Amino acid sequence: MRLRNIPGSREMIAENNWCIQEPEQQKGHWHEVFGNDHPIYIEIGMGKGQFLTTLAKQNPDINYVGIEKYSSVLLRGLQKLEEEPLENVRFIRMDAETICDVFAENEVSKIYLNFSDPWPKDRHAKRRLTSRQFFARYDKILKPEGVVEFKTDNVDLFDFSLEEVKEANWNLDAFTRDLHHDDTMNQGNVMTEYEERFSSMGNPIHKLIASR
Ligand code: SAM
């Protein structure tokens, strides 16, 4: 999601209390940020944050951390939190490549990846958030029973992701190529901004759940 660059967005984010400014300093101490021992779920590439904040309202006993690379996108999420504060949500502006500097071993209970950038060129495969390189990072920060949940409408990226789950020696717990018509997997589904947009165009939504 690339919005028009909003001048001053970096500065606005730097002053915002919902956004963790030096996330590396919280590594191993995220429970102190939230002031409780609730499980921590993260979304990488949260965009404007609709998915994460909807879940946070439904589940006050879970802490949610949204990660987004671009200030201009993250700013929209922060503005919404200002209007409707949620104590169990924090955001980080960062590239997820360095996620292991921000969360300690076993600190995260679930990782959501929604409509991740496809990086279609082969030479960029390792930048895809479902590449084996990223699964190796998730392996470090996820609790042993933790899961990765991934949704997309991009068939090539989904096929690639199924292969990478195998290559990374993870287990494929469940998958569907038409989430909205899969009664079991669609139960409790919370739509993301991209999911609303692409499913309204008739694109089937693919989803997989992976664990170790
Ligand atoms: N998840 C949202 C949704 O489903 O509506 C947004 C999807 S958008 C296509 C992908 C988002 O992931 C973009 O906002 C992009 O900036 C962010 N992103 C991509 N790679 C990232 C990375 N390595 N670290 C953090 N954010 C990333």
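Here's a quick rundown of the structure. (Residues numbered from 1 in each chain as written. Predicted model: local features only at pLDDT ≥ 70, side-chain atom pairs only at ≥ 80, totals over all residues. Heavy atoms only, no water.)

## Digging into the overall build of the chain
- Helices and strands together make up the secondary structure of the chain, namely seven helices and seven strands.
- Listing the helices and strands of the chain from first to last along the sequence gives α-α-β-α-β-α-β-β-α-β-α-β-α-β.
- The C-alpha extent of the chain, read off along each of the three principal axes, is 40 × 35 × 35 Å.
- Partitioning the intrachain contacts of the chain with sequence separation of at least 6 by distance along the chain shows that 76% fall at a separation of at least 24.
- Charge-centre separation for the chain: the mean point of 27 positive side chains lies 6 Å from the mean point of 36 negative side chains. (Helix = DSSP H or I, 4+ residues; strand = E, 2+ residues; numbered from the N terminus. Contact = heavy atoms within 4.5 Å. Lys, Arg positive; Asp, Glu negative; His and termini not counted. Charge placed at Lys NZ, Arg CZ, Asp CG, Glu CD.)

## Some remarks on the site of the ligand
- Surveying the vicinity of the ligand reveals 18 residues, the closest of which are Gly-45, Glu-68, Ala-96, Thr-192 and Tyr-194.
- Take Tyr-194: an N or O atom from its main chain is 2.9 Å from an oxygen atom of the ligand.
- Within the complex, the protein chains bury 97% of what would otherwise be the 590 Å² of accessible surface of the ligand.
- Taken atom by atom, the bulk of the ligand overlaps the largest pocket.
- Broken down by class, the residue content of the shell around the ligand amounts to eight nonpolar, four polar and six charged. (Near = heavy atom within 4 Å. Polar contact = N/O pair within 3.5 Å; in protein donor to acceptor, adjacent residues only side chain to side chain. Areas by Shrake-Rupley, 256 points an atom, 1.4 Å probe, with all protein chains shown as cover. 1 Å grid on protein atoms, 1.4 Å probe; cavity = no way out; pocket = protein on both sides within 12 Å on 5 of 7 lines; lining within 4 Å. Sits in = over half its atoms within 2 Å of the grid points. Nonpolar A, V, L, I, M, F, W, Y, C, P; charged D, E, K, R; others polar.)

## Re unusual backbone geometry
- Backbone geometry at Asn-106 places phi at a positive 65°, although glycine is not the residue there.
- Tracing the backbone through its elements, the reader meets Asn-106 in the loop between strand S3 (89-93) and strand S4 (108-114).
- Classification of Asn-106 by relative accessible area gives partly exposed; the value is 35%.
- Within the chain, Phe-115 stands out as a residue other than glycine whose phi angle is a positive 55°. (Buried < 20%, exposed > 50% of the residue type's maximum accessible area, 1.4 Å probe, protein only.)

## Examining the sheet that holds strand S1 (residues 40-44)
- A sheet is described by the order of its strands in space; here seven strands give the open sequence S3-S2-S1-S4-S5-S7-S6, paired in mixed fashion. Since the sheet does not close on itself, it has two edges, and those belong to S3 and strand S6 (171-176), each with one partner. For this sheet, the mean inter-axis angle between neighbouring strands, taken without regard to orientation, is 15°.
- Pairing geometry for S4 and strand S5 (residues 142-152), over six bridges, is parallel. Counted as the bridge partner of Asn-114 is Lys-151 from S5.
- The strands touched by helix H5 (residues 132-141) within the sheet are S1, S4, S5 and strand S7 (206-211), with S5 carrying the most contacts at an inclination of about 140°. (Pairing = 2+ DSSP bridges. Axes fitted to C-alpha atoms, helices over the stretch in contact; angles between N-to-C directions.)

## Quick look at the pattern of salt bridges
- The final tally for this structure, using the stated rule, is ten salt bridges.
- The partner of Lys-80 in a salt bridge is Glu-193, with the nearest N and O atoms 3.6 Å apart. Note that Lys-80 is positioned in helix H4 (residues 71-83) and Glu-193 in helix H7 (residues 193-200), a separation of 113 residues in sequence.
- The exposure class of Lys-80 is partly exposed, given its relative accessible area of 37%.
- The buried category is assigned to Glu-193, whose relative accessible area is 17%.
- Across the pair Glu-167 and Arg-132 runs a salt bridge whose closest N-O atoms are separated by 3.7 Å. Of this pair, Glu-167 sits in helix H6 (residues 155-167) while Arg-132 is found in helix H5, placing the two residues 35 residues apart along the sequence.
- The class of Glu-167 is partly exposed, set by a relative accessible area of 46%.
- Three or more residues joined by partner-sharing salt bridges are found here, namely Lys-110, Glu-149 and Lys-207. (Salt bridge = Lys/Arg side-chain N within 4 Å of Asp/Glu carboxyl O.)

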